[in-house]
Amino acid sequence: MRIFSGVQPTKNPHIGNYLGAIRNWVDLQRDFQSIFCVVDLHAITVPQDPAELAAQTREVVAAYLACGIDAERSIIFNQASVAGHAQLGWLLSCQTPLGWLNRMTQFKDKAGKNRDSVGLGLYAYPVLMAADILLYKATHVPVGEDQKQHLELARDIAGAFNRLVGVEHFPLPVPQILGQATRVMSLRDGTKKMSKSEESDLSRINLMDSADAIANKLKKAKTDPEPLPYETADLPTRPEAENLVGIMAALQNCDPQKILNQYGGKNFSEFKPALTDAMVAAIVPIGDKMRNYMADQAYIDGILVKGAHRAREIATPILAETHKLLGILQF
Ligand code: TYM
C-alpha cells in the first residue's frame with residue numbers, strides 16, 4: 001500500500017489545505033509508504049512569477065514539515081525533479097478521450113469564459129495528476145473533496161491503460177477524503193470553496209497568519225443573524241454557520257454535533273472568540289515552525305534533493321515497464 005498526494009506551490013498554504021489534506025497525511029504516514037509532492041508543474045498551468053514559484057515551492061515543504069510530515073519516513077520532493085511525471089503524463093494523454101476531460105468541472109470553473117485562450121496545460125492538468133499517482137503505482141490518495149472528480153478520472157485512465165495493454169499494470173487508486181473539514185469554505189461566502197486563487201485574503205486563513213490576523217479574519221467572517229442551531233440537521237441551509245462549525249469540529253477533532261451541544265442557541269459573537277482561540281492554538285505554532293524552516297534554505301533543499309532521489313528510485317522501473325508494455329524502446 002502506497003500513498004501519493006500533493007499541494008500546488010501557488011500562494012500560501014491555508015487551513016483548507018491543512019484540515020482537508022496535510023493533517024490527515026501526518027497520521028497516514030505511519031501506516032503507508034508515503035510520497036508527498038510539491039506539484040510545481042501543476043502550478044504553471046496558470047501564469048507564475050519565477051522567483052515567487054521557487055520561494056513558494058520551499059514554503060510548501062516548510063508547511064509539510066511544520067504540520068508533522070516526517071522527512072525520514074516519508075518522501076518529500078518537487079514534481080519537476082522527477083522527469084517521469086511529464087513523461088508518463090504524455091503516455092496517458094494518448095489514452096485519455098477528450099470527452100472525459102470535457103467533464104472536469106474545475107477546468108470549467110478556472111477557464112470560465114476564456115476557454116479558448118487558457119493554456120493546454122490547464123485542460124490536460126487532470127492527466128498529469130493521474131500520472132503523478134500512477135508513476136508510483138500509488139494505491140491510496142488522501143485529498144480534500146474538491147479533488148474527487150480528478151481522482152475518478154485517474155481511476156478511469158488507469159483502467160483504460162490496463163485494458164489497452166491487457167494486464168493489471170496500474171492499481172486503481174482509492175481516494176481518501178477524511179476528517180470533518182473535507183471542504184472548507186471561504187470566510188466571505190459560505191457557498192464558495194476556500195481557495196488560494198480567491199482575491200480577498202480575508203476569505204482564508206493562511207498557515208503563516210499571526211494571531212491578530214486570524215482574530216481579525218474570523219471577526220469579519222460572514223455569518224447570518226440567527227443564533228447557532230441545536231442540531232446539525234439545521235446547518236445545511238446556513239452555509240456560513242455550517243462552515244464555521246465544521247472548522248471548529250475539525251480543530252477539536254470531534255463531531256460537529258458536539259460543537260452544537262455546546263454552542264447551540266448561542267450567538268456568533270460568543271462562538272467566534274472560542275473559534276479564534278482554537279484556531280490560534282492550532283495554526284500559530286505551525287506558522288512559527290514554518291518560519292524557522294524557511295530561514296534554513298539549505299535544509300529544505302537538502303530534503304528536496306534526497307526526496308527526489310528516493311522518488312526516482314520508485315518511479316524509474318515503473319516508467320520503464322510502462323514504456324515496454326507499449327512497445328516503446330528506451331536505450
Ligand atoms: P491544491 O494545491 O489545490 O490543494 C492541496 C490539497 O488541499 C486540499 N484542499 C482543500 N481541502 C478542504 N477544503 C478546501 N477549501 C481545500 N482547498 C484545497 C485539496 O483537496 C488537496 O488535497 N490537483 C491537486 C494537487 C495534485 C495532487 C496530485 C493531489 C497534483 N497531483 C496527485 C493528489 C494526487 C491540487 O491542486 O491541490
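Residues numbered from 1 in each chain as written. Predicted model: local features only at pLDDT ≥ 70, side-chain atom pairs only at ≥ 80, totals over all residues. Heavy atoms only, no water.

### Notes on the overall build of the protein chain
Piece 1. Along its length, the protein chain carries 13 helices and five strands.
Piece 2. Considered along the principal axes of its C-alpha atoms, the protein chain spans approximately 70 × 45 × 40 Å.
Piece 3. Of all 331 residues assigned to the protein chain, the portion counted as buried reaches 53%.
Piece 4. Looking at the protein chain alone, contacts between residues at least 24 apart form 77% of all its contacts between residues at least 6 apart. (Helix = DSSP H or I, 4+ residues; strand = E, 2+ residues; numbered from the N terminus. Buried < 20%, exposed > 50% of the residue type's maximum accessible area, 1.4 Å probe, protein only. Contact = heavy atoms within 4.5 Å.)

### A few points about the domain arrangement of the protein chain
Piece 1. Segmentation of the protein chain into domains returns domain 1 (2-182 + 296-326) and domain 2 (201-292).
Piece 2. Each of domain 1 and domain 2 was reduced to a C-alpha centroid, and the two centroids are 29 Å apart.
Piece 3. With 16 residues of domain 1 at the contact, the number on the domain 2 side is 20 residues.
Piece 4. Summed over both partners, the interface of domain 1 with domain 2 comes to about 1400 Å²; 69% of that surface belongs to carbon and sulfur atoms.
Piece 5. Considering only the surface of domain 1 that becomes buried against domain 2, Ile15, Ala66 and Gln180 emerge as the three largest contributors, covering 39% of it.
Piece 6. Between the two partners, domain 1 and domain 2, sit zero salt bridges.
Piece 7. Here domain 1 is connected to domain 2 by three residue pairs in polar contact (both at pLDDT 80 or more).
Piece 8. Within the residue set of the side of domain 1 that touches domain 2, elements represented by two or more residues are helix H1 (15-28) and helix H3 (50-67). (Domains from an automatic or database assignment. Buried area = accessible area lost by both parts, 1.4 Å probe. Salt bridge = Lys/Arg side-chain N within 4 Å of Asp/Glu carboxyl O. Polar contact = N/O pair within 3.5 Å; in protein donor to acceptor, adjacent residues only side chain to side chain.)

### Some thoughts on the packing of helix H10 (residues 239-252) against helix H12 (residues 268-294)
Piece 1. Their axes nearest at 10 Å, the elements H10 and H12 cross at an angle of 40°. As the angle between them shows, H10 and H12 are arranged oblique. When the axes of H10 and H12 are compared, the crossing they make is left-handed. In this structure, H10 uses Ala241, Leu244, Val245, Ile247, Met248, Leu251 and Gln252 to contact H12, whose residues at the interface are Phe268, Phe271, Lys272, Ala274, Leu275, Ala278, Met279 and Ala282. (Axes fitted to C-alpha atoms, helices over the stretch in contact; angles between N-to-C directions. Parallel < 35°, antiparallel > 145°, perpendicular 65-115°, else oblique. Left-handed = near helix turned anticlockwise from the far one by under 90°.)

### Describing the nonpolar core
Considering soluble globular proteins, one finds that nonpolar side chains tend to be buried as a cluster.
Piece 1. Judged by nonpolar contacts, the single largest core of 61 residues is most densely connected at Ile15, Leu19, Tyr64, Leu207, Phe271 and Met279.
Piece 2. Ranked by the residues each element gives to this core, the list is headed by H12, at ten residues.
Piece 3. When sequence neighbours within four positions are dropped, the list of residues in contact with leucine 19 reads Asn24, Ala181, Val184, Ile247, Ala250 and Leu251.
Piece 4. Core analysis: the second largest hydrophobic core is formed by 44 residues, Val82, Val143, Val165 and Phe170 among them. (Core = buried A, V, L, I, M, F, W, Y, C linked by side-chain atoms within 4.5 Å.)

### Section: the packing of aromatic side chains
Piece 1. For the coordinates displayed, the defined rule picks out nine aromatic pairs.
Piece 2. Considering the side-chain rings of phenylalanine 107 and tyrosine 123, the 5.1 Å spacing of their centres and the 70° angle between planes classify their relative orientation as edge-to-face. Here the residue phenylalanine 107 occupies a position in helix H6 (residues 105-111), and tyrosine 123 occupies one in helix H7 (residues 120-134), the gap between them amounting to 16 residues.
Piece 3. Owing to a relative accessible area of 9%, phenylalanine 107 belongs among the buried residues under this scheme.
Piece 4. For tyrosine 123, a relative accessible area of 15% gives the class buried. (Phe/Tyr/Trp six-rings, centres within 6.5 Å; stacked < 30°, edge-to-face > 60°.)

### Observations regarding unusual backbone geometry
Piece 1. Backbone geometry places lysine 11, a non-glycine residue, at a positive phi of 50°.
Piece 2. Structurally, the position occupied by lysine 11 is in the loop between strand E1 (2-7) and H1.
Piece 3. Classification of lysine 11 by relative accessible area gives partly exposed; the value is 39%.
Piece 4. We note that lysine 137 has phi near 50°; this positive angle belongs to a residue other than glycine.
Piece 5. If you trace the backbone, lysine 137 turns up in the loop between H7 and strand E4 (140-142).
Piece 6. Taking relative accessible area as the criterion, lysine 137 reaches 22% and is therefore assigned partly exposed.

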